[in-house]
Amino acid sequence: MPHCWQKNQRLLKRTEFQACYNQGEKNFTKLFLVFVKKAPNARIGLAVSKKNGNAVHRNKIKRILREFFRLHFAKLLPYEFVVVPKKHVDANTLQFVHVEKDLLAFLEKFNAKKNGNEQASANFIL
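Residues numbered from 1 in each chain as written. Predicted model: local features only at pLDDT ≥ 70, side-chain atom pairs only at ≥ 80, totals over all residues. Heavy atoms only, no water.

(A) Broad picture of the layout of surface pockets. Empty space within the largest pocket amounts to approximately 240 Å³. The wall of the largest pocket is formed by Lys-30, Leu-31, His-88, Val-89, Asp-90, Thr-93, Leu-94, Val-97, His-98, Lys-101 and Asp-102. Within the lining of the largest pocket, the residues separate by chemical class into four nonpolar, three polar and four charged. The calculated volume of the second largest pocket comes to roughly 180 Å³. Partitioning the lining of the second largest pocket into residue classes produces six nonpolar, one polar and two charged. (1 Å grid on protein atoms, 1.4 Å probe; cavity = no way out; pocket = protein on both sides within 12 Å on 5 of 7 lines; lining within 4 Å. Points joined across faces, edges and corners; volume = space filled by probe spheres on them. Nonpolar A, V, L, I, M, F, W, Y, C, P; charged D, E, K, R; others polar.)

(B) Highlighting the environment of Val-56. Here Val-56 lies in helix α2 (residues 55-71). Using a relative accessible area of 61% as the deciding quantity, one classes Val-56 as exposed. In this structure the C-alpha to C-alpha distance between Val-56 and Ala-91, which are 35 residues apart in sequence, comes to 8.7 Å. (Helix = DSSP H or I, 4+ residues; strand = E, 2+ residues; numbered from the N terminus. Buried < 20%, exposed > 50% of the residue type's maximum accessible area, 1.4 Å probe, protein only.)

(C) Molecular detail of the pattern of salt bridges. This structure, assessed with the given rule, holds six salt bridges. The partner of Glu-25 in a salt bridge is Lys-113, and the shortest N-O contact between them spans 2.8 Å. Of the two residues, Glu-25 sits in strand β1 (residues 25-28) while Lys-113 sits in helix α3 (residues 96-125), which places them 88 residues apart along the sequence. Here Lys-113 falls in the partly exposed class, since its relative accessible area comes to 38%. Note that Lys-114 and Glu-25 form a salt bridge whose closest N and O atoms lie 3.1 Å from each other. Placement of Lys-114 in helix α3 and of Glu-25 in strand β1 is noted, with a sequence separation of 89 residues between them. Among the residues examined, Lys-114 registers a relative accessible area of 13% and is labelled buried. Residue Glu-25 is classed as partly exposed on the basis of its relative accessible area of 24%. Each of Glu-16, Lys-37, Arg-43 and Glu-80 takes part in salt bridges that share partners, so that together they form one network. (Salt bridge = Lys/Arg side-chain N within 4 Å of Asp/Glu carboxyl O.)

Next comes the structure, spelled out in structure tokens:
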């Protein structure tokens, strides 16, 4: 379990975020929009806008999201993930358990779907 995100595990540049938005797949959860794009290794990008509150609130949301991905990094397939909180997400009431419940359900569905597609492709080739 890493204690911090290394540069090769993060999306850093605007062009990387734009590529994920434009070429990736858009997924909706109760609290977040998650953009997903195939990549050589798992990478995370967080985009919390001013619609979610002032800097203190935005940073709290980002801290909770970073902690979720730090704990569950092993469950990520090699994709780039950009997580965007919906504007109704309130940092004062948001807790780690809410994020964990929401994003774990998404990751399980996403992993099952992608693993199913890979297995179906492998069966088709045989």
